[in-house]
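Notes for the structure review
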Amino acid sequence: MLVTFVVFVIAGVFFYLALGHVIDYNIREMLDSRRASVVLYLQNSDKDKIAAVSQDRTIFIQKISKSAGYTQISDTLAFDPDEKGMIPYRKMVFSAVAGGESYEVIILQSLLESEDLQAVIISFMTLLFLLIFVALFFLNNWLSNKAWKPFIQSSSKLKSWKLSELHLVRFEKTGVTEFDQLNRMLEEMMAKMQADWVNLREFTDNASHELQTPLAIMKSKLELLLNDDSITGVPHNQLYDLFQTVVRLSKLNEALLLLSRIENRQFAVDAEMDLCNLIQSRLSYLGELFAMKEIEVTSALEAPFIVQIHPMLADILVNNLLSNAMNHNFVGGSIELKSGNQEIVISNSGIRQPLDPQKIFRRFVKGSNSMNSNGLGLAIVAEICQANHIGLIYNYLNDCHCFTLRKTSDSLEAI
Amino acid sequence: MKILIVEDETLLSETIVAYLKKEGYRTEQAGTLDQGREKVNLYEYDCVLVDIGLPDGNGLSLVREIKGCHPETGIIILSAKNSLDDKVNGLDLGADDYLTKPFHLSELNSRIKSLLRRRKFEGQLAYVVGKIRILPEQRQVFIEEEPLAVTKKEFDLLLYFVTNPGRVLTKESIAEHLWGDFADNSDTFNFVYSHIKNLKRKIFEKTGTEYFRNVYGSGYYFEGPKATPEKPDHTIKTDPL
């Protein structure tokens, strides 16, 4: 539309200039023809009878001493009795020789009519342009709607398509070869993506099943052995070490599988959860654990922090953050929980030096003092936050390690 | 009490059988969905343990079937997948409980007992160990008819021990029983220790008997006369089996 408008403006300017030129040319022609008739009149009339002023007061003739042979054209204003005002004229001044006398003739040609004409034409053209412009606008809209309809349909279908929902998208025949081709390619691509995704998910599920079951066997066999009265002393302790290792291994396997499932976005977002609420309920559940470690918990979680998240992930997120705050704390330490301004801050006392924010969310990065942590807790937290569009920031403030969950623009939009 | 175990891993089901046999249950095994279906249709069980990932199909369909023909049968789903959807679906279909592999046998045993208590005795069952008498539904502990004040966690702990008498309960399994997912925490073993210490002291003060025994640093053992479930209205101690 902008292009049309520019074209119209340029065409209008050119038309205006051309019209002016034509009118100028016309007036010149008229002046020339009147000049010719004046010259004829001068030549055919008696010297004495030559009128100085024509009846319509547009031709003035006066004798001059000598003929210089000139012609001048200029614009001027003159009084017109009909219009009762000054109106623009084109003035032609020229010298003519007739019967041995030199005359200076002034011919006035009213520009009023031509200006009126010009105004009429211009306004008519402007109106026409406007009409065409409006018509084009609607035509264009209608045409593009019609022409792009298959595209818009396809794109809206694509927008509502979710890999995890596993329904095949079928595009209707559009009748346009290009669109049909595109749709067919899209269909194939989506089918392939879904097949790959199902494969991956099956692999993850299988891996989980295939690993967890042997681990379950090992663990239960060891539990039976630990219950065997004939095994005592050192062998019992060795069995227990083995048992502990198997427990650790299965927890590790579980954590890694969880990570890959989050990465594969296998948790559909289906609920709105208030994380503050969740933290509160976890706090009351774990209160005695904190009390036993003499950790002072201060919580100011009045403002809700609502995000769209799978309930299981929300649980794991809160659990891991609280667990982290307790695990890396010292006896008699403190945990502070704050919410507000679309964020939650969990800060805990711990080792008195800042941690590397680049490293702590990576996998298998362990604090030196805790033997039991598998180094995946915060990696899982980071992965959950990323998958659910929650900002996660670590900083070290007033000897406290602060973890901030913040709503990002994406998560705000989603709600 | 008859228990059916539908599990394709023979090694695992055999271990479960070995553990449950000690409790005096009669157990049967099915390795496939078809076998499970056949057994369920032929006999009546008090409790069925169903693995979800069976070679010939999803164990959830068996849950539906059992609920159709024997609604009183208790069902516990065993799954290698810690999947909320499976859990919700299974419980919706009528399963009573859901355990994720790998589980502690003592935890499984405790869950079976709690399930049978609810289903078979409508919760009206007390455990008596020596002078201690525990009412699980009312969450009360009596020592020779005198109520003993215990915290919520101490009660859970005591019930866990009483339902697994004469067994070594590892610190891991106790921590997981009490705190679930939070048991990963390195400090939880200390908490287990202090809870047991408190409980031990409370019971010792009243009875003069030591019931808890430490087992080589690996866990704890609940000693004393075997826990005997009884119906409160029966004066004669009934055989639980």
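Presented here is an overview of the structure given in this document.

1. What about the overall build of chain A?
Across its full length, chain A carries 8 helices and 11 strands. Here chain A holds 415 residues, and the buried ones make up 22% of them. Expressed as a percentage of contacts within chain A between residues at least 6 apart in sequence, the contacts between residues at least 24 apart total 65%.

2. Some thoughts on the overall build of chain B
From N to C terminus, chain B includes 8 helices and 15 strands. Out of the 241 residues in chain B, the part that is buried amounts to 44%. Residue pairs at least 24 apart in sequence account for 57% of intrachain contacts in chain B once pairs closer than 6 positions are excluded.

3. Considerations on the pairing of strand β14 (residues 219–222) of chain B
Consecutive side chains along a regular strand alternate between the two faces of the sheet. Residue and element names in this part refer to chain B. With 3 bridges connecting them, strand β12 (residues 168–170) and β14 associate as antiparallel partners. By the bridge assignment, V168 is partnered in β14 with Y221. Where strand β13 (residues 212–215) and β14 come together, 4 bridges link them in antiparallel fashion. Across the sheet, residue V215 finds its bridge partner in β14, namely G219. Counting the residues between successive antiparallel strands, the hairpin from β13 to β14 contains 3 residues, one of them, Y216, with a positive phi of roughly 40°.

4. Regarding the interface of chain A and chain B
Counting residues at the interface gives 38 residues for chain A and 33 residues for chain B. Breaking the side of chain A that touches chain B down by element, the ones donating at least two residues are α3 (177–226), α4 (233–263), α5 (275–292) and α6 (311–327) of chain A. Of the residues that constitute the side of chain A that touches chain B, the class distribution is 15 nonpolar, 15 polar and 8 charged.

5. Thoughts on the sheet that holds strand β8 (residues 334–340) of chain A
Residues and elements named next belong to chain A. Pairing is mixed across the open sheet formed by 5 strands, whose spatial order is β6-β8-β9-β11-β10. Because the sheet does not close on itself, it has two edges, and the strands there are β6 (296–300) and β10 (390–397). Neighbour-to-neighbour, the strand axes of this sheet turn through a mean angle of 10°, independent of strand direction. With respect to the sheet, α5 is in contact with β6, β8, β9 (343–349) and β11 (400–407), its orientation differing from that of β6 by roughly 165°.

6. Things to note about helix α2 (residues 112–160) of chain A
Residue and element names in this part refer to chain A. In a regular helix each residue adds 1.5 Å, so 49 residues correspond to 72 Å; α2 covers 67 Å between its end C-alpha atoms and thus fits that length. A maximum bend of about 55° is found in α2 at W148, where proline P150 lies one to four positions downstream. Taken as a whole, α2 has its buried residues at S114, P150 and S154.

7. A word on the packing of α6 of chain A against helix α7 (residues 377–387) of chain A
Between two packed helices, what matters for the description is the angle formed by their axes and the separation of those axes. Residues and elements named next belong to chain A. At a minimum axis distance of 9 Å, the contact between α6 and α7 shows a crossing angle of 140°. When the axes of α6 and α7 are compared, the pair comes out oblique. The element α6 and its partner α7 pack so that their crossing is left-handed. The residues of α7 that touch α6, namely those facing L313, I316, L317, N320, L321, S323 and N324, are G377, L378, I380, V381 and I384. Its residues assigned to classes, the contact of α6 with α7 shows 8 nonpolar, 4 polar and no charged.

8. Topic: the environment of S334 of chain A
All names here are of chain A. The topology assignment puts S334 in strand β8. Judged by the 19 C-beta atoms lying within 10 Å of it, S334 falls in the partly exposed class. As a C-alpha pair, S334 and G350 span 16 residues in sequence and 8.6 Å in three-dimensional space.

9. Remarks on the sheet that holds strand β7 (residues 97–100) of chain B
Residues and elements named next belong to chain B. Pairing within the open sheet is parallel, and its 5 strands lie in the order β2-β1-β3-β6-β7. Strand pairing shows two members of the sheet lacking a second neighbour, β2 (26–30) and β7, which therefore form its edges. For this sheet, the mean inter-axis angle between neighbouring strands, taken without regard to orientation, is 20°. In the sheet, strand β1 (residues 2–6) pairs with β2 via 5 bridges, with the strands oriented parallel. Across the sheet, the residue bridging to V6 is A30, located in β2.

10. Quick look at the environment of P55 of chain B
All names here are of chain B. Mapping P55 onto the fold places it in the loop between β4 (53–54) and β5 (57–58). For the pair P55 and T32, spaced 23 residues apart in the sequence, the C-alpha separation amounts to 6.5 Å. Ignoring anything within four residues of it in the chain, the contact list for P55 reads D8 and T32.

Rules behind the numbers
- Residues numbered from 1 in each chain as written.
- Chains lettered and ligands numbered in written order.
- Predicted model: local features only at pLDDT ≥ 70, side-chain atom pairs only at ≥ 80, totals over all residues.
- Helix = DSSP H or I, 4+ residues; strand = E, 2+ residues; numbered from the N terminus.
- Buried ≥ 20, exposed ≤ 12 C-beta atoms within 10 Å, placed from the backbone.
- Contact = placed C-beta atoms within 7 Å.
- Pairing = 2+ DSSP bridges.
- Nonpolar A, V, L, I, M, F, W, Y, C, P; charged D, E, K, R; others polar.
- Axes fitted to C-alpha atoms, helices over the stretch in contact; angles between N-to-C directions.
- Expected span 1.5 Å × (residues − 1).
- Bend = angle between axes of the 7 residues up to and from the residue.
- Parallel < 35°, antiparallel > 145°, perpendicular 65-115°, else oblique.
- Left-handed = near helix turned anticlockwise from the far one by under 90°.

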